[in-house]
Structures are given as structure tokens and as C-alpha cells.
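Overview (structure and organization)
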Amino acid sequence: MSPVPGRGLAKGLAVTLRTMTRRSVTAQYPDAQPELPPRSRGVIGLFEENCTVCMLCARECPDWCIYIDSHKETVPPAAPGGRERSRNVLDRFAIDFSLCMYCGICIEVCPFDALFWSPEFEYAETDIRELTHERDKLREWMWTVPAPPPLDPGAEEPKEIAAAHKAAEKLAAAEAPQPPQERQEPQEGDA
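Residues numbered from 1 in each chain as written. Predicted model: local features only at pLDDT ≥ 70, side-chain atom pairs only at ≥ 80, totals over all residues. Heavy atoms only, no water.

Here's the deal with the pattern of salt bridges
When their charged atoms lie close together, side chains carrying opposite charge are able to pair. Under the convention used in this document: When a carboxyl oxygen of Asp or Glu is within 4 Å of a side-chain nitrogen of Lys or Arg, the pair counts as a salt bridge. Helix and strand labels come from DSSP, where a helix needs a run of H or I of at least four residues and a strand needs a run of E of at least two; each type is numbered from the N terminus.
All chains considered together, the criterion is met by six salt bridges. Between glutamate 140 and lysine 137 there is a salt bridge, and its shortest N-O distance comes to 3.8 Å. You can see glutamate 140 and its partner lysine 137 sitting in helix α4 (residues 135-142), three residues apart, about one turn around the helix.

Quick notes on the environment of tryptophan 117
Formally: The buried label goes to any residue with under 20% of its type's maximum accessible area, the exposed label to any with over 50%, and the partly exposed label to all in between, with areas taken from a 1.4 Å probe on protein chains only. In this analysis, two residues are considered to be in contact whenever any of their non-hydrogen atoms come within 4.5 Å of each other.
Inspection of the secondary structure puts tryptophan 117 in strand β4 (residues 115-118). With relative accessibility at 14%, the residue tryptophan 117 sits in the buried group. A C-alpha to C-alpha distance of 9.5 Å links tryptophan 117 and tyrosine 102, two positions 15 residues apart in sequence. Setting aside residues no more than four positions away along its own chain, tryptophan 117 makes contact with Ser40, Arg41, Gly42, Val43, Ile44, Tyr102, Cys103, Gly104, Ile107, Val145 and Pro146.

Description of the UniProt feature "binding site: [4Fe-4S] cluster 1" (unreviewed entry) in the protein
The condition is simple: UniProt positions are given in the numbering used here, feature names are shortened, and annotations may be inferred rather than shown by experiment.
In the UniProt entry, the feature "binding site: [4Fe-4S] cluster 1" (unreviewed entry) is given for Cys51, Cys54, Cys57 and Cys110. In sequence the annotated residues extend across 60 residues, while in space they remain close, none of their C-alpha pairs exceeding 10.5 Å. In contact with cysteine 51, other than residues within four places in its own chain, are Leu90 and Ala114. Relative to the assigned elements, cysteine 110 resides in the loop between α3 (105-109) and β4. Overall, the relative accessible area of 14% leaves cysteine 110 in the buried class.

Some thoughts on the packing of aromatic side chains
Note the cut-off: Planes of paired rings set the category: under 30 degrees apart is stacked, over 60 is edge-to-face and the rest tilted, where pairs are Phe, Tyr or Trp rings (Trp by its six-membered ring) whose centres lie within 6.5 Å.
The tally for this structure, following the rule as stated, stands at seven aromatic pairs. Taken together, a centroid distance of 6.1 Å and an interplanar angle of 20° make the contact between phenylalanine 97 and tyrosine 102 stacked. Between tyrosine 123 and tryptophan 141, the aromatic rings sit 5.8 Å apart at their centres with planes inclined by 65°, giving edge-to-face as the arrangement. Here the residue tyrosine 123 occupies a position in the loop between β4 and β5 (132-133), and tryptophan 141 occupies one in helix α4, the gap between them amounting to 18 residues.

What about a nonpolar patch on the surface?
Condition: Each patch groups residues whose relative accessible area exceeds 30% and which form no salt bridge, using 9 Å between like charges and 5 Å between nonpolar side chains of Val, Leu, Ile, Met, Phe, Trp and Tyr. Method for areas: the Shrake-Rupley scheme with a 1.4 Å probe, in which residue coverage is limited to the protein chains shown.
A grouping of Tyr29, Leu36 and Phe121 is seen on the molecular surface, where their side chains present a nonpolar patch of about 250 Å² in accessible area. With respect to the helices and strands, the residue tyrosine 29 is situated in the loop between α1 (7-21) and β1 (43-46).

Here we look at the side chain of aspartate 96
Just so we agree on the cut-off: The charge count treats Lys and Arg as positive and Asp and Glu as negative. His and the chain ends do not count. Within 3.5 Å is the distance limit for a polar contact, defined as a pair of N or O atoms, with the added protein rule that one can donate a hydrogen and the other accept it, and that residues adjacent in sequence qualify only through two side-chain atoms.
As for its placement among the helices and strands, aspartate 96 is situated in strand β3 (residues 85-96). Of the side chains with opposite charge, arginine 92 lies nearest to the buried aspartate 96, which makes no salt bridge, at 8.3 Å. Among the polar contacts made by the side chain of aspartate 96, one reaches the side chain of threonine 132 at a distance of 3.4 Å.

Structure, rendered in C-alpha cells:
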């Protein structure tokens, strides 16, 4: 069967006419917030308590848009006779979003789960120099991070959670009051 000349043009015009007769649906953005996908990438939130200043995120960033400053602090020994330890203390954690390409490498390489994707996307500034956000702003965005999706109902419980449940059950069993045991009186005929 040979193609009919102009058939494609007729189909295209039919689609155009169908679309022209429908009422358009326009979301009025500033007034109506858009429906975002559940794990959309907006900005990067910082959970400062988990950051150990290992600098992996800054070293792996292809754009070098993460700035971290820290200092070492001496921690007294935990037990008498122990030795002093030193630990890194975070002074500055900033991300320059004018350079960031939202690749997510920093989030993937963080071994301590200190960085997360936030769906927040309204962070425009009038001056490009103001797109470098410091740790206070990154911490605010951390509270907009959605909870992780639920596990598959048929999946095994993670080992860490199973161990925690087991320890909690042992502790609860040890703390539970034991019923008093009755003393058995020797009966006649027992020697």
C-alpha cells in the first residue's frame, strides 16, 4: 500500500485543531506552587552534626564550588590516664550555587550522610555574589528534605535496625520485674 500524499500534514493539522479548541491550563507560579516529584533536586542541605570535615565533598566536586574551613581542637581524655585526642571542628561550609551543576557527587561521596537534596528551588538572588550560601542557610534547607521512601515491605530488616531491636528487647527483658518464685515445701516421702 503506497502512502497517500499529504496524509502526515492532515494528521498534524488535526492535532493542532484539537489543541486549539481546548482550554489552556496555566499554573500561575508565584500564587500556586508547582507539584514537584517526590525526590526532586533543588538545593543541597547540610546536616552539620554529621559533618566530620573529611573534605571528600570539596575534593570530589568537579566545579570546586564547596568551601570548607576548619580547625583542630584538643579533646580531654575520656578516662583518667587516657591520652588527649584531637578532632576537626567545622568553621565554614559554603556552596556557591552560581557554580554548582547539581550533579550530586558531593552527596554520593559523603560517608557520614551530612549532605542531602532538598526540593527547595526558590533561592534566586539579584546579585550573583549572593548565591554563595553559608552553613546557616544550608542548615535551614535541611529541614525541607523529605523523608526517604519506605522500604519494600517484602525486604529484610536492615542489620543495624535488627541489632538495635534485639538489644532493646534484651534490655526490656532484664528490666522487667520478675514474678516472685514460690518456695516449694518438701512433701512427705521426699528425702
